[in-house]
Structures are given as C-alpha cells and as structure tokens.
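Observations on the model geometry
What follows is the residue order along each chain.
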Amino acid sequence: VASSFWRSRGYLHYEVSSYARTEGEKSRHNSAYWKPRASWLGLGLGAASSEQGARFSRPRKMKDYEAWVADGAIVPESSPPHGADALEDE
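Notes on the structure follow. (Residues numbered from 1 in each chain as written. Predicted model: local features only at pLDDT ≥ 70, side-chain atom pairs only at ≥ 80, totals over all residues. Heavy atoms only, no water.)

**What to know about the overall build of the protein chain**
We apply this condition: Helix numbers and strand numbers start at the N terminus; a helix is a DSSP run of H or I with at least 4 residues, a strand a run of E with at least 2. Buried residues are those whose accessible area, probed at 1.4 Å on protein chains only, stays under 20% of the maximum for their type, while exposed residues exceed 50% and partly exposed ones sit between those limits. Surface exposure here means Shrake-Rupley accessible area, sampled with a 1.4 Å probe, where a residue is shielded only by the protein chains that are shown.
Across its full length, the protein chain holds two helices and four strands. Along the protein chain, helices (α) and strands (β) appear in the sequence α-β-β-β-β-α when read from the amino end. Sorting the 90 residues of the protein chain into buried and exposed places 19% on the buried side. A total accessible area of about 7100 Å² is found for the protein chain, and carbon and sulfur atoms account for 53% of it.

Here's what the structure looks like:
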C-alpha cells in the first residue's frame, strides 16, 4: 500500500522501506548495509555485524553476552548470506 502511494506520486523506492524524490535525495546513512558483500561492525548486546556479506550477531541476553565476553568474545564462523542479505543491488 505505501509503495503504491509513494510511487504514484513520483517517488523512487529503495532499500526496504525508503523513498526519495530523486537519486540525489536518497539517504546515504544506511547505504553500506545494503551493498553486496559489505563489511561492517556492530558492537554491543544483540548487535549484528557483517564480513564480506556474511552476517553474525552477538548474544541478545545480558547473561549470555557476559559469558560470551568472559570466554574471549569469539565470533562464530558465519554462514554465507542468504535471503534478503544475499540480494544484489539493482
């Protein structure tokens, strides 16, 4: 419904739920997260990171997070991207 509404008014649809009047007005804030094989680091409880497009997350519960840190904060081997994370830019 939202997509039809904004597109009918000339807005461009990009990312998951973002719209802009022109290419130059697209937000650049989150653009790195949507690029194929992107690498970024998320820190803290439940934070997600990506290395070359393979995502991994930290424990979400404080007790589990504290245990993870006490054990050396080892990042698990991540799996290849799948679903929305595997999509290439159009």
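**Observations regarding unusual backbone geometry**
Not every positive phi belongs to a glycine, and Arg37 is a case in point at roughly 55 degrees. Here Arg37 shows up in the loop between β2 (18-20) and β3 (48-51). With a relative accessible area of 52%, Arg37 lands in the exposed category. With a phi close to 55 degrees, Gln52 is a non-glycine residue in the positive phi region. Note that Gln52 resides in the loop between β3 and β4 (54-57).

**A closer look at the packing of aromatic side chains**
Applied cut-off: Pairing of aromatic side chains here covers Phe, Tyr and the six-membered ring of Trp, requires ring centres within 6.5 Å, and sorts the geometry by plane angle: under 30 degrees stacked, over 60 edge-to-face, intermediate tilted.
Taken as a whole, this structure holds three aromatic pairs when the rule is applied. Aromatic side chains Phe5 and Trp6 sit 4.9 Å apart centroid to centroid with 85 degrees between the ring planes, which places their arrangement in the edge-to-face category. The partly exposed category is assigned to Phe5, whose relative accessible area is 37%. Grouping aromatic residues by their ring pairs yields a cluster made of Phe5, Trp6 and Tyr11.

**Re the environment of Met62**
The residue Met62 is located in helix α2 (residues 62-70) in this model. Since its relative accessible area comes to 46%, Met62 is described here as partly exposed. Residues Met62 and Gly44 lie 18 residues apart in sequence; the distance between their C-alpha atoms is 9.9 Å.

Read these as spatial facts, not as claims about activity.
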